[in-house]
Amino acid sequence: MDIRTHTCGELTKKFVGKKVKLCGWIDSVRQQGKIGFLILRDRYGVTQCFVGKELSDKLADLRKDSVVQVLGIVNERPKNQVKKELSTGEIEIKSEEINVLTLADPLPLDENATEDTRLKYRYIDLRKKELQDAIRKRHEAVLFMRDFLDKKGFYEITTPILTKSSPEGARDFLVPSRLHLGKFYALPQSPQQYKQLLMLAGFDKYFQIAPCFRDEDARADRSPGEFYQLDMEMSFVTQEEILKLTEELFVNLIKKVFPEKKITEVPFPRLSYSEVMKQYKTDKPDLRKNKKDSNELAFAWIVDFPLFEEEMENGHYAPMHHMFTMPKESDLKLLDKEPGKVKSYQHDLVLNGLEVGGGSIRIHDSKIQEKIFDLIGFTKEHKKYFNHMLEAFRYGAPPHGGIAPGIDRVLMAIMGTKSIRDVIAFPKNKEARDVMMGAPSEVLPGQLDDLNIELKKKK
Ligand code: ASP
(Lines give C-alpha, C1' and ligand atoms only; values in the text may rest on other atoms or scores of the structure.)
Protein backbone atom coordinates (compact mmCIF):
# COMPACT_ATOMS: atom_id res chain seq x y z
CA MET A 1 0.00 0.00 0.00
CA ASP A 2 1.31 3.39 -0.94
CA ILE A 3 2.04 5.84 1.85
CA ARG A 4 0.40 8.59 -0.21
CA THR A 5 -1.68 8.72 -3.36
CA HIS A 6 -1.26 12.43 -4.16
CA THR A 7 0.83 15.42 -3.11
CA CYS A 8 -0.49 18.44 -1.22
CA GLY A 9 -0.36 20.61 -4.36
CA GLU A 10 -2.16 18.33 -6.75
CA LEU A 11 -5.84 17.96 -6.01
CA THR A 12 -8.39 20.01 -7.96
CA LYS A 13 -12.10 19.84 -8.76
CA LYS A 14 -11.58 16.95 -11.13
CA PHE A 15 -10.69 14.70 -8.18
CA VAL A 16 -13.95 15.36 -6.32
CA GLY A 17 -15.38 12.16 -4.83
CA LYS A 18 -12.06 10.36 -4.95
CA LYS A 19 -10.61 8.62 -1.91
CA VAL A 20 -7.07 9.91 -1.35
CA LYS A 21 -4.17 9.55 1.03
CA LEU A 22 -2.03 12.64 1.64
CA CYS A 23 1.11 13.10 3.72
CA GLY A 24 2.76 16.26 4.92
CA TRP A 25 3.69 18.66 7.64
CA ILE A 26 0.98 20.38 9.65
CA ASP A 27 1.06 23.99 8.57
CA SER A 28 -1.72 25.00 10.94
CA VAL A 29 -4.65 23.62 12.87
CA ARG A 30 -7.88 25.55 13.34
CA GLN A 31 -10.43 24.29 15.81
CA GLN A 32 -14.00 25.56 15.71
CA GLY A 33 -15.90 23.97 18.56
CA LYS A 34 -16.28 20.29 17.82
CA ILE A 35 -14.94 20.42 14.30
CA GLY A 36 -11.71 21.71 12.85
CA PHE A 37 -9.41 22.21 9.88
CA LEU A 38 -5.94 21.02 9.33
CA ILE A 39 -3.70 22.54 6.68
CA LEU A 40 -1.27 20.00 5.33
CA ARG A 41 1.92 21.18 3.60
CA ASP A 42 4.58 19.61 1.42
CA ARG A 43 6.98 20.77 -1.32
CA TYR A 44 4.13 20.94 -3.82
CA GLY A 45 1.63 23.04 -1.92
CA VAL A 46 -0.96 23.03 0.86
CA THR A 47 -4.26 21.21 1.16
CA GLN A 48 -7.07 21.91 3.59
CA CYS A 49 -8.46 18.90 5.45
CA PHE A 50 -11.80 19.14 7.20
CA VAL A 51 -11.90 17.28 10.50
CA GLY A 52 -15.36 16.32 11.76
CA LYS A 53 -16.56 15.60 15.28
CA GLU A 54 -15.52 11.95 15.23
CA LEU A 55 -11.84 12.81 14.70
CA SER A 56 -11.59 16.21 16.30
CA ASP A 57 -10.06 14.96 19.54
CA LYS A 58 -7.05 14.00 17.36
CA LEU A 59 -6.40 17.67 16.64
CA ALA A 60 -5.58 18.59 20.21
CA ASP A 61 -2.14 17.01 20.26
CA LEU A 62 -1.11 17.84 16.72
CA ARG A 63 1.60 20.42 17.03
CA LYS A 64 2.72 22.51 14.06
CA ASP A 65 5.13 20.70 11.72
CA SER A 66 4.22 17.25 12.98
CA VAL A 67 4.14 14.85 10.04
CA VAL A 68 0.81 13.16 9.42
CA GLN A 69 -1.02 10.99 6.95
CA VAL A 70 -4.62 11.89 6.16
CA LEU A 71 -7.03 9.50 4.45
CA GLY A 72 -10.21 11.04 3.13
CA ILE A 73 -12.53 12.01 0.30
CA VAL A 74 -12.01 15.01 -1.98
CA ASN A 75 -14.92 17.46 -1.59
CA GLU A 76 -15.70 20.58 -3.55
CA ARG A 77 -15.52 23.72 -1.43
CA PRO A 78 -18.56 25.97 -1.23
CA LYS A 79 -18.20 28.82 -3.79
CA ASN A 80 -17.57 31.47 -1.13
CA GLN A 81 -14.69 29.46 0.29
CA VAL A 82 -12.77 28.90 -2.95
CA LYS A 83 -9.19 30.20 -2.76
CA LYS A 84 -8.12 31.11 -6.28
CA GLU A 85 -4.50 31.75 -5.31
CA LEU A 86 -4.02 28.12 -4.25
CA SER A 87 -3.69 25.26 -6.74
CA THR A 88 -5.87 23.21 -4.37
CA GLY A 89 -8.16 26.11 -3.52
CA GLU A 90 -11.27 24.53 -5.04
CA ILE A 91 -11.32 21.46 -2.84
CA GLU A 92 -10.84 20.18 0.67
CA ILE A 93 -10.42 16.70 2.07
CA LYS A 94 -13.05 15.29 4.35
CA SER A 95 -10.77 13.39 6.72
CA GLU A 96 -11.67 9.81 7.58
CA GLU A 97 -8.45 8.79 9.26
CA ILE A 98 -5.51 10.79 10.61
CA ASN A 99 -2.29 8.95 11.37
CA VAL A 100 0.51 10.78 13.12
CA LEU A 101 3.77 9.68 11.50
CA THR A 102 5.99 11.81 13.75
CA LEU A 103 4.96 14.26 16.41
CA ALA A 104 7.00 17.48 16.38
CA ASP A 105 8.35 19.24 19.46
CA PRO A 106 7.56 22.94 19.67
CA LEU A 107 9.70 24.54 16.94
CA PRO A 108 12.89 26.29 18.09
CA LEU A 109 12.39 28.99 15.42
CA ASP A 110 10.07 31.90 14.95
CA GLU A 111 10.23 35.10 12.89
CA ASN A 112 12.42 36.74 15.52
CA ALA A 113 15.15 34.07 15.44
CA THR A 114 18.71 35.27 14.86
CA GLU A 115 20.48 34.21 11.70
CA ASP A 116 22.65 31.74 13.62
CA THR A 117 19.59 30.08 15.14
CA ARG A 118 18.05 29.84 11.71
CA LEU A 119 21.25 28.31 10.34
CA LYS A 120 21.45 25.89 13.25
CA TYR A 121 17.97 24.67 12.33
CA ARG A 122 18.46 25.16 8.62
CA TYR A 123 16.35 22.10 7.78
CA ILE A 124 13.39 23.84 9.44
CA ASP A 125 14.12 27.24 7.95
CA LEU A 126 14.36 25.63 4.51
CA ARG A 127 10.67 24.71 4.76
CA LYS A 128 9.86 28.40 4.15
CA LYS A 129 8.37 29.22 0.79
CA GLU A 130 11.08 31.76 -0.19
CA LEU A 131 13.85 29.28 0.46
CA GLN A 132 11.99 26.40 -1.18
CA ASP A 133 11.55 28.65 -4.23
CA ALA A 134 15.21 29.72 -4.27
CA ILE A 135 16.47 26.14 -4.07
CA ARG A 136 14.06 25.07 -6.81
CA LYS A 137 15.21 27.95 -9.03
CA ARG A 138 18.81 26.96 -8.41
CA HIS A 139 18.00 23.42 -9.53
CA GLU A 140 16.27 24.71 -12.66
CA ALA A 141 19.15 27.05 -13.47
CA VAL A 142 21.81 24.36 -13.06
CA LEU A 143 19.73 21.93 -15.10
CA PHE A 144 19.48 24.56 -17.83
CA MET A 145 23.26 25.09 -17.82
CA ARG A 146 23.91 21.35 -18.13
CA ASP A 147 21.41 20.94 -20.92
CA PHE A 148 22.55 24.03 -22.83
CA LEU A 149 26.21 23.04 -22.71
CA ASP A 150 25.48 19.42 -23.57
CA LYS A 151 23.68 20.61 -26.71
CA LYS A 152 26.73 22.73 -27.58
CA GLY A 153 28.95 19.64 -27.45
CA PHE A 154 30.49 20.08 -23.99
CA TYR A 155 31.40 17.13 -21.78
CA GLU A 156 30.79 17.40 -18.06
CA ILE A 157 33.94 16.05 -16.44
CA THR A 158 34.63 15.95 -12.72
CA THR A 159 38.10 16.73 -11.44
CA PRO A 160 39.77 15.80 -8.14
CA ILE A 161 38.82 17.34 -4.81
CA LEU A 162 41.98 16.12 -3.14
CA THR A 163 44.68 17.90 -5.06
CA LYS A 164 47.87 19.84 -4.61
CA SER A 165 48.60 23.07 -2.81
CA SER A 166 50.11 25.79 -4.96
CA PRO A 167 51.34 29.27 -4.17
CA GLU A 168 48.65 31.27 -5.95
CA GLY A 169 45.57 33.28 -5.21
CA ALA A 170 43.85 32.66 -1.90
CA ARG A 171 44.87 30.50 1.02
CA ASP A 172 44.34 26.76 0.51
CA PHE A 173 42.45 24.35 2.73
CA LEU A 174 44.88 21.55 3.55
CA VAL A 175 44.05 17.90 4.12
CA PRO A 176 46.70 15.82 5.89
CA SER A 177 47.56 12.48 4.32
CA ARG A 178 47.59 9.35 6.48
CA LEU A 179 49.33 7.20 3.89
CA HIS A 180 52.05 9.78 3.37
CA LEU A 181 52.68 11.20 6.80
CA GLY A 182 53.81 14.80 6.81
CA LYS A 183 52.31 15.46 3.37
CA PHE A 184 49.13 17.28 2.52
CA TYR A 185 46.53 17.45 -0.17
CA ALA A 186 44.86 20.77 -0.83
CA LEU A 187 41.23 21.34 -1.79
CA PRO A 188 41.04 23.04 -5.21
CA GLN A 189 40.55 26.81 -5.32
CA SER A 190 39.20 26.10 -8.81
CA PRO A 191 39.81 23.31 -11.33
CA GLN A 192 41.92 25.74 -13.39
CA GLN A 193 44.91 23.50 -14.04
CA TYR A 194 42.81 20.37 -14.55
CA LYS A 195 40.58 22.04 -17.10
CA GLN A 196 43.56 23.27 -19.06
CA LEU A 197 45.04 19.76 -18.96
CA LEU A 198 41.69 18.40 -20.24
CA MET A 199 42.16 20.65 -23.27
CA LEU A 200 45.66 19.24 -23.77
CA ALA A 201 44.04 15.81 -23.53
CA GLY A 202 41.87 16.68 -26.51
CA PHE A 203 38.40 16.93 -24.92
CA ASP A 204 37.81 20.21 -26.77
CA LYS A 205 34.86 21.46 -24.68
CA TYR A 206 34.55 20.90 -20.93
CA PHE A 207 32.31 22.10 -18.17
CA GLN A 208 31.67 21.22 -14.58
CA ILE A 209 29.46 22.44 -11.75
CA ALA A 210 32.65 22.72 -9.77
CA PRO A 211 33.01 23.10 -6.01
CA CYS A 212 35.82 25.53 -5.20
CA PHE A 213 37.45 26.01 -1.82
CA ARG A 214 39.20 29.14 -0.63
CA ASP A 215 40.19 29.92 2.92
CA GLU A 216 38.94 33.49 2.81
CA ASP A 217 36.81 35.66 5.05
CA ALA A 218 33.11 36.07 4.37
CA ARG A 219 31.72 39.12 2.57
CA ALA A 220 28.17 40.00 1.70
CA ASP A 221 28.58 38.56 -1.79
CA ARG A 222 30.92 35.72 -0.87
CA SER A 223 30.20 32.61 1.13
CA PRO A 224 33.27 31.76 3.15
CA GLY A 225 35.13 28.53 2.50
CA GLU A 226 33.38 27.08 -0.49
CA PHE A 227 31.32 27.99 -3.51
CA TYR A 228 30.31 26.58 -6.88
CA GLN A 229 31.40 27.68 -10.32
CA LEU A 230 30.06 26.85 -13.74
CA ASP A 231 33.56 26.04 -14.90
CA MET A 232 34.08 25.96 -18.69
CA GLU A 233 37.02 25.54 -21.03
CA MET A 234 37.25 25.31 -24.82
CA SER A 235 40.00 24.60 -27.34
CA PHE A 236 40.74 26.51 -30.57
CA VAL A 237 38.52 29.31 -29.36
CA THR A 238 38.69 33.10 -29.53
CA GLN A 239 37.77 35.44 -26.71
CA GLU A 240 34.86 36.60 -28.85
CA GLU A 241 33.45 33.07 -29.00
CA ILE A 242 33.71 32.62 -25.22
CA LEU A 243 31.84 35.88 -24.60
CA LYS A 244 29.15 35.04 -27.17
CA LEU A 245 28.53 31.56 -25.79
CA THR A 246 28.37 32.75 -22.17
CA GLU A 247 26.02 35.53 -23.17
CA GLU A 248 23.74 33.13 -25.09
CA LEU A 249 23.69 30.86 -22.05
CA PHE A 250 22.62 33.59 -19.62
CA VAL A 251 20.13 35.29 -21.94
CA ASN A 252 18.34 31.99 -22.54
CA LEU A 253 18.63 30.83 -18.93
CA ILE A 254 16.93 34.00 -17.75
CA LYS A 255 14.23 33.72 -20.40
CA LYS A 256 13.45 30.16 -19.33
CA VAL A 257 13.97 30.15 -15.55
CA PHE A 258 13.40 33.80 -14.60
CA PRO A 259 10.92 35.06 -17.23
CA GLU A 260 9.88 38.01 -15.05
CA LYS A 261 13.42 39.48 -15.24
CA LYS A 262 14.44 41.93 -17.95
CA ILE A 263 17.99 42.29 -19.26
CA THR A 264 18.66 45.97 -19.97
CA GLU A 265 20.97 45.50 -22.92
CA VAL A 266 21.66 42.57 -25.25
CA PRO A 267 24.35 42.07 -26.52
CA PHE A 268 25.86 42.88 -23.12
CA PRO A 269 27.78 46.18 -23.28
CA ARG A 270 31.54 45.75 -23.44
CA LEU A 271 33.78 48.13 -21.60
CA SER A 272 37.53 48.24 -21.47
CA TYR A 273 39.17 48.17 -18.07
CA SER A 274 40.67 51.65 -18.53
CA GLU A 275 37.32 53.08 -19.67
CA VAL A 276 35.40 51.61 -16.79
CA MET A 277 37.93 52.69 -14.17
CA LYS A 278 37.88 56.21 -15.56
CA GLN A 279 34.11 56.47 -15.76
CA TYR A 280 32.95 54.45 -12.74
CA LYS A 281 36.09 54.14 -10.55
CA THR A 282 35.40 50.43 -10.28
CA ASP A 283 35.76 47.42 -12.54
CA LYS A 284 32.30 46.17 -11.56
CA PRO A 285 29.97 49.03 -12.43
CA ASP A 286 26.26 48.83 -11.73
CA LEU A 287 24.68 49.78 -15.06
CA ARG A 288 21.04 49.50 -13.99
CA LYS A 289 18.94 52.46 -15.07
CA ASN A 290 16.50 52.09 -12.20
CA LYS A 291 17.96 50.41 -9.15
CA LYS A 292 14.56 50.19 -7.50
CA ASP A 293 13.30 47.86 -10.22
CA SER A 294 14.00 44.43 -8.77
CA ASN A 295 13.47 42.79 -12.16
CA GLU A 296 16.19 44.73 -13.98
CA LEU A 297 19.38 42.89 -14.86
CA ALA A 298 22.29 44.90 -16.23
CA PHE A 299 25.08 42.68 -17.48
CA ALA A 300 28.39 43.97 -18.79
CA TRP A 301 31.65 42.56 -20.04
CA ILE A 302 34.89 44.10 -18.88
CA VAL A 303 37.80 43.39 -21.23
CA ASP A 304 41.32 44.64 -22.07
CA PHE A 305 42.57 44.23 -18.53
CA PRO A 306 46.22 44.84 -17.78
CA LEU A 307 48.02 41.51 -17.37
CA PHE A 308 49.43 42.59 -14.01
CA GLU A 309 48.39 44.69 -11.08
CA GLU A 310 50.73 47.59 -10.33
CA GLU A 311 54.40 46.77 -9.82
CA MET A 312 55.16 45.66 -6.27
CA GLU A 313 57.91 47.19 -4.17
CA ASN A 314 60.18 44.21 -4.71
CA GLY A 315 59.96 44.74 -8.48
CA HIS A 316 57.67 41.77 -9.02
CA TYR A 317 54.18 41.69 -10.47
CA ALA A 318 50.97 40.05 -9.31
CA PRO A 319 48.67 38.76 -12.05
CA MET A 320 45.43 40.68 -12.37
CA HIS A 321 43.51 37.46 -13.11
CA HIS A 322 45.75 34.43 -12.75
CA MET A 323 49.13 33.36 -14.00
CA PHE A 324 47.77 31.32 -16.91
CA THR A 325 46.19 34.32 -18.64
CA MET A 326 47.50 35.09 -22.12
CA PRO A 327 49.01 38.50 -22.87
CA LYS A 328 47.74 40.16 -26.07
CA GLU A 329 50.09 39.11 -28.89
CA SER A 330 50.76 42.72 -29.82
CA ASP A 331 52.01 43.39 -26.29
CA LEU A 332 54.31 40.36 -26.00
CA LYS A 333 57.29 42.51 -26.85
CA LEU A 334 56.53 44.72 -23.84
CA LEU A 335 56.92 41.80 -21.42
CA ASP A 336 60.66 42.43 -21.17
CA LYS A 337 60.65 46.21 -20.91
CA GLU A 338 57.33 47.41 -19.54
CA PRO A 339 55.35 44.48 -18.12
CA GLY A 340 53.02 46.93 -16.39
CA LYS A 341 51.75 48.08 -19.80
CA VAL A 342 50.92 44.63 -21.15
CA LYS A 343 47.22 44.00 -21.78
CA SER A 344 45.69 40.56 -21.51
CA TYR A 345 42.86 38.39 -22.77
CA GLN A 346 41.03 38.48 -19.44
CA HIS A 347 37.25 38.93 -19.44
CA ASP A 348 35.03 39.59 -16.44
CA LEU A 349 31.26 39.30 -16.41
CA VAL A 350 29.51 41.88 -14.24
CA LEU A 351 25.85 41.88 -13.20
CA ASN A 352 24.17 44.71 -11.28
CA GLY A 353 27.49 45.79 -9.80
CA LEU A 354 28.71 42.31 -8.85
CA GLU A 355 31.52 40.45 -10.53
CA VAL A 356 29.77 37.20 -11.41
CA GLY A 357 32.46 35.50 -13.46
CA GLY A 358 35.90 35.74 -14.93
CA GLY A 359 38.04 33.93 -17.40
CA SER A 360 40.61 34.33 -20.12
CA ILE A 361 42.41 32.96 -23.13
CA ARG A 362 45.29 30.94 -21.66
CA ILE A 363 48.95 30.75 -22.35
CA HIS A 364 49.71 27.56 -24.27
CA ASP A 365 53.41 28.12 -24.80
CA SER A 366 55.73 27.01 -22.02
CA LYS A 367 58.26 29.76 -22.80
CA ILE A 368 55.70 32.54 -22.27
CA GLN A 369 54.43 30.72 -19.19
CA GLU A 370 57.92 30.59 -17.72
CA LYS A 371 58.45 34.26 -18.48
CA ILE A 372 55.26 35.09 -16.52
CA PHE A 373 56.48 32.99 -13.59
CA ASP A 374 59.71 35.02 -13.58
CA LEU A 375 57.83 38.32 -13.61
CA ILE A 376 55.65 37.15 -10.73
CA GLY A 377 58.90 36.48 -8.90
CA PHE A 378 58.62 32.72 -8.63
CA THR A 379 61.74 31.10 -7.25
CA LYS A 380 62.91 27.68 -8.48
CA GLU A 381 61.04 26.26 -5.46
CA HIS A 382 57.80 27.94 -6.56
CA LYS A 383 58.22 26.85 -10.16
CA LYS A 384 58.48 23.26 -9.04
CA TYR A 385 54.83 23.40 -8.05
CA PHE A 386 53.95 24.01 -11.70
CA ASN A 387 56.47 21.78 -13.43
CA HIS A 388 53.73 19.45 -14.57
CA MET A 389 52.07 22.36 -16.42
CA LEU A 390 55.26 23.48 -18.14
CA GLU A 391 56.02 19.91 -19.08
CA ALA A 392 52.49 19.32 -20.35
CA PHE A 393 52.70 22.31 -22.69
CA ARG A 394 55.67 20.65 -24.39
CA TYR A 395 53.63 17.64 -25.58
CA GLY A 396 51.09 19.27 -27.86
CA ALA A 397 48.97 22.06 -26.44
CA PRO A 398 46.00 23.55 -28.32
CA PRO A 399 45.23 27.24 -27.90
CA HIS A 400 42.43 27.34 -25.34
CA GLY A 401 40.43 29.54 -23.01
CA GLY A 402 37.41 29.65 -20.79
CA ILE A 403 35.43 31.27 -18.07
CA ALA A 404 33.88 30.37 -14.73
CA PRO A 405 30.72 32.18 -13.63
CA GLY A 406 30.10 31.79 -9.90
CA ILE A 407 26.83 29.93 -9.48
CA ASP A 408 25.89 31.15 -5.99
CA ARG A 409 26.91 34.71 -6.87
CA VAL A 410 25.10 34.92 -10.20
CA LEU A 411 21.90 33.43 -8.74
CA MET A 412 22.04 35.87 -5.86
CA ALA A 413 22.32 38.73 -8.36
CA ILE A 414 19.56 37.43 -10.65
CA MET A 415 17.12 36.70 -7.81
CA GLY A 416 18.14 39.84 -5.94
CA THR A 417 18.39 38.05 -2.59
CA LYS A 418 19.81 40.00 0.34
CA SER A 419 22.43 37.42 1.16
CA ILE A 420 24.33 34.82 -0.82
CA ARG A 421 23.23 32.37 1.88
CA ASP A 422 19.68 32.59 0.53
CA VAL A 423 20.60 30.61 -2.60
CA ILE A 424 22.62 27.90 -0.79
CA ALA A 425 20.92 24.97 0.95
CA PHE A 426 23.43 24.66 3.78
CA PRO A 427 25.56 27.80 3.96
CA LYS A 428 28.30 28.54 6.44
CA ASN A 429 27.69 31.49 8.75
CA LYS A 430 29.65 34.73 8.55
CA GLU A 431 32.44 33.22 10.67
CA ALA A 432 32.77 30.32 8.24
CA ARG A 433 31.15 27.91 10.70
CA ASP A 434 28.55 25.31 9.90
CA VAL A 435 26.47 25.90 13.00
CA MET A 436 24.09 23.06 12.15
CA MET A 437 26.71 20.32 11.98
CA GLY A 438 29.10 22.08 14.32
CA ALA A 439 32.00 22.35 11.88
CA PRO A 440 34.86 22.96 12.12
CA SER A 441 35.22 20.72 15.13
CA GLU A 442 37.85 19.09 17.24
CA VAL A 443 38.70 15.50 16.32
CA LEU A 444 39.47 12.44 18.42
CA PRO A 445 43.08 12.11 19.59
CA GLY A 446 43.32 8.78 17.73
CA GLN A 447 42.51 10.53 14.47
CA LEU A 448 45.40 12.94 15.01
CA ASP A 449 47.70 10.05 15.96
CA ASP A 450 46.89 8.35 12.65
CA LEU A 451 48.06 11.50 10.92
CA ASN A 452 51.09 11.96 13.14
CA ILE A 453 49.80 15.39 14.10
CA GLU A 454 50.26 16.97 17.48
CA LEU A 455 48.47 20.20 18.34
CA LYS A 456 50.46 22.99 19.92
CA LYS A 457 49.20 24.21 23.28
CA LYS A 458 46.49 26.84 22.76
CA LYS A 459 47.91 30.35 22.82
N1 ASP B 1 39.64 29.59 -12.60
C2 ASP B 1 39.31 30.99 -12.73
C3 ASP B 1 38.77 31.53 -11.43
O4 ASP B 1 38.39 30.78 -10.55
C5 ASP B 1 38.31 31.23 -13.80
C6 ASP B 1 38.85 31.01 -15.16
O7 ASP B 1 39.89 31.60 -15.51
O8 ASP B 1 38.23 30.26 -15.93
O9 ASP B 1 38.67 32.73 -11.29
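Here the structure is a predicted model, which means the values were calculated and not measured. (Residues numbered from 1 in each chain as written. Predicted model: local features only at pLDDT ≥ 70, side-chain atom pairs only at ≥ 80, totals over all residues.)

Novice: Explain the overall build of the protein chain to me, and be specific about the residues and the numbers.
Specialist: Along its length, the protein chain carries 13 helices and 17 strands. Dimensions of the protein chain, computed from C-alpha atoms along their principal axes, come out at roughly 90 × 60 × 40 Å. Within the span of the protein chain, comprising 459 residues, buried residues form 30% of the whole. (Helix = DSSP H or I, 4+ residues; strand = E, 2+ residues; numbered from the N terminus. Buried ≥ 20, exposed ≤ 12 C-beta atoms within 10 Å, placed from the backbone.)

Novice: Tell me about the site of the ligand, and please be specific about residues and values.
Specialist: Lining the immediate surroundings of the ligand are S190, Q192, G358, G359, S360, G402, I403 and A404. Mapped onto the shell around the ligand, the elements with two or more residues apiece are β16 (354–361) and β17 (400–405). Its residues assigned to classes, the shell around the ligand shows two nonpolar, six polar and no charged. (Near = placed C-beta within 6 Å. Nonpolar A, V, L, I, M, F, W, Y, C, P; charged D, E, K, R; others polar.)

Novice: Report on the pairing of strand β5 (residues 91–102), specifying residues and quantitative values.
Specialist: One face of the sheet, then the other: side chains in a regular strand alternate in exactly this way. For strand β3 (residues 45–51) and β5, the ladder comprises two bridges, and the chain directions are parallel. Counterpart to C49 in the pairing with β5 is I93. Pairing of strand β4 (residues 67–76) with β5, which is carried by 10 bridges, proceeds in the antiparallel orientation. Its bridge partner lying in β5, N75 is registered against E92. (Pairing = 2+ DSSP bridges.)

Novice: Lay out the sheet that holds β3 in plain terms, naming residues and giving numbers.
Specialist: With respect to topology, five strands assemble into a closed barrel ordered β1-β2-β3-β5-β4, the strand pairing being mixed. Pairwise comparison of adjacent strand axes, ignoring direction, gives a mean angle of 50° for this sheet. For strand β2 (residues 35–42) and β3, the ladder comprises seven bridges, and the chain directions are antiparallel. Across the sheet, residue L40 finds its bridge partner in β3, namely T47. (Axes fitted to C-alpha atoms, helices over the stretch in contact; angles between N-to-C directions.)

Novice: Provide a residue-level description of the domain arrangement of the protein chain, including the pertinent values.
Specialist: When its domains are assigned, the protein chain resolves into domain 1 (13–102) and domain 2 (118–423). Domain 1 and domain 2 are separated by 49 Å when their C-alpha centres are compared. (Domains from an automatic or database assignment.)

Novice: Tell me about the nonpolar core, and name the residues and values.
Specialist: Counting residues in each nonpolar core, the largest one holds 47 residues, and the members touching the most others are M232, F299, A300, V350, L351, V410 and L411. Sort the elements by how many residues they give to this core and helix α12 (residues 407–415) lands first, with six residues. Here M232 is in contact with Y206, F207, G402, I403 and A404, once residues within four sequence places are set aside. Core analysis: the second largest hydrophobic core is formed by 16 residues, C8, W25, I26 and V74 among them. (Core = buried A, V, L, I, M, F, W, Y, C linked by C-beta atoms within 7 Å. Contact = placed C-beta atoms within 7 Å.)

Novice: Outline α12, listing residues and values.
Specialist: Judged by how many residues are buried, α12 sits mostly within the fold: eight of nine residues are covered. Taken residue by residue, α12 has I407, D408, R409, V410, L411, M412, A413 and I414 as its buried positions.

Novice: So, the packing of helix α4 (residues 129–151) against helix α6 (residues 239–257): which residues are in play, and what are the values?
Specialist: In contact at an axis separation of 10 Å, α4 and α6 are set at 135° when each is read in the N-to-C sense. Classified by the angle their axes make, α4 and α6 are oblique. The hand of the α4/α6 crossing is right-handed. The residues of α6 that touch α4, namely those facing K137, E140, A141, F144, M145 and F148, are L249, N252, L253, K256 and V257. Of the residues belonging to the contact of α4 with α6, the class tally is seven nonpolar, one polar and three charged. (Parallel < 35°, antiparallel > 145°, perpendicular 65-115°, else oblique. Left-handed = near helix turned anticlockwise from the far one by under 90°.)

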